[in-house]
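# Structure at a glance
Below, each chain spelled out in residue letters.
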Amino acid sequence: MDQSPHGLAKEKANQSQAMTITELHKGEKARVLSLKHDHEGHWRKLAAFGILPGALLELRQKWPGLVISVGFSEIGLDEEIANLIEVEIENEEEQSKSRSLIE
């Protein structure tokens, strides 16, 4: 880890961009940064669905339950589980790069 003032500021800026899926707006795309580990092992189930660090997801629905799309799958999540998934909103430039890599 970079301990220089510039490195620490960069790390702090990256942390401030992290949020959970529950904070996204419908239709927003985000990249998974990390999965929080809980005592019930929900992260294992999320990983089995392809929700892993680096995965691109989209919030499809917020009410009455959260629905996300990951790859070609749509997954319903309750708020407790959704709060275990830390994401960063994808900007348009990154989304374009992701699309061109897939095509």
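Residues numbered from 1 in each chain as written. Predicted model: local features only at pLDDT ≥ 70, side-chain atom pairs only at ≥ 80, totals over all residues. Heavy atoms only, no water.

## Considerations on the pattern of salt bridges
A side chain of one charge can pair with a side chain of the opposite charge when the charged atoms of the two come close. Worth spelling out the cut-off: Salt bridges are defined as contacts in which a side-chain nitrogen from Lys or Arg sits within 4 Å of a carboxyl oxygen from Asp or Glu. Numbering of helices and strands runs from the N terminus; a helix is a DSSP stretch of H or I covering at least four residues, while a strand is a stretch of E covering at least two. Each residue gets one of three labels from its accessible area relative to the maximum for its type: buried under 20%, exposed over 50%, partly exposed in between, using a 1.4 Å probe on protein chains only.
In total, this model carries three salt bridges according to the counting rule given. In this structure, arginine 31 and glutamate 90 form a salt bridge, with 3.2 Å as the shortest nitrogen-oxygen distance. Here glutamate 90 lies in the loop between strand E6 (85-89) and helix H4 (92-102) and arginine 31 lies in strand E2 (residues 29-35), a separation of 59 residues in the sequence. In this structure, glutamate 74 and arginine 60 form a salt bridge, with 3.6 Å as the shortest nitrogen-oxygen distance. With glutamate 74 in strand E5 (residues 73-77) and arginine 60 in strand E3 (residues 56-61), the pair connects residues that are 14 residues apart, well separated along the chain. Glutamate 74 sits in the exposed class, given a relative accessible area of 53%. Under the relative-accessibility criterion, arginine 60 is labelled partly exposed at 39%.

## Quick notes on a negative patch on the surface
Just so we agree on the cut-off: Patch rule: a residue counts if its relative accessible area is over 30% and it has no salt bridge; like charges are joined within 9 Å, and nonpolar side chains (Val, Leu, Ile, Met, Phe, Trp, Tyr) within 5 Å. Here the accessible surface of atoms and residues is derived via Shrake-Rupley with a 1.4 Å probe, and residues count as covered only by protein chains that are part of the display. Charge assignment in this entry is limited to Lys and Arg as positive and Asp and Glu as negative, and neither His nor the chain termini are counted. Where a charge sits is defined by one atom per residue type, namely NZ (Lys), CZ (Arg), CG (Asp) or CD (Glu).
A cluster of acidic side chains, namely Glu40, Asp78, Glu79 and Glu80, defines a negative patch on the protein surface. Examined against the element boundaries, glutamate 79 turns out to sit in helix H3 (residues 79-82). Looking at glutamate 79, the relative accessible area reads 55%, which means it is exposed.

## Examining the confidence of the model for the protein chain
Here is the rule: pLDDT is defined as a per-residue confidence score from the predictor, taking values between 0 and 100. Whether two residues are in contact is decided by their heavy atoms, any of which lying within 4.5 Å being enough.
Per-residue confidence for the protein chain averages 82 on the pLDDT scale, and 73% of its residues sit at or above 70. Scored below 50 in pLDDT, residues 4-13 shows four contacts in the model against residues more than four places distant or in partner chains.

## Overview of the side chain of threonine 22
Which entries qualify depends on this criterion: N or O atoms within 3.5 Å of each other form a polar contact, as long as, within protein, one can give a hydrogen and the other can take it, and as long as residues adjacent in sequence are counted only when both atoms are side-chain atoms.
Mapped onto the secondary structure, threonine 22 falls in the loop between strand E1 (19-20) and E2. At 2.8 Å, the side chain of threonine 22 forms a polar contact with the side chain of threonine 20. Filtering out sequence-adjacent residues up to four positions away, threonine 22 remains in contact with Lys62, Leu66, Glu79, Ala82 and Asn83.

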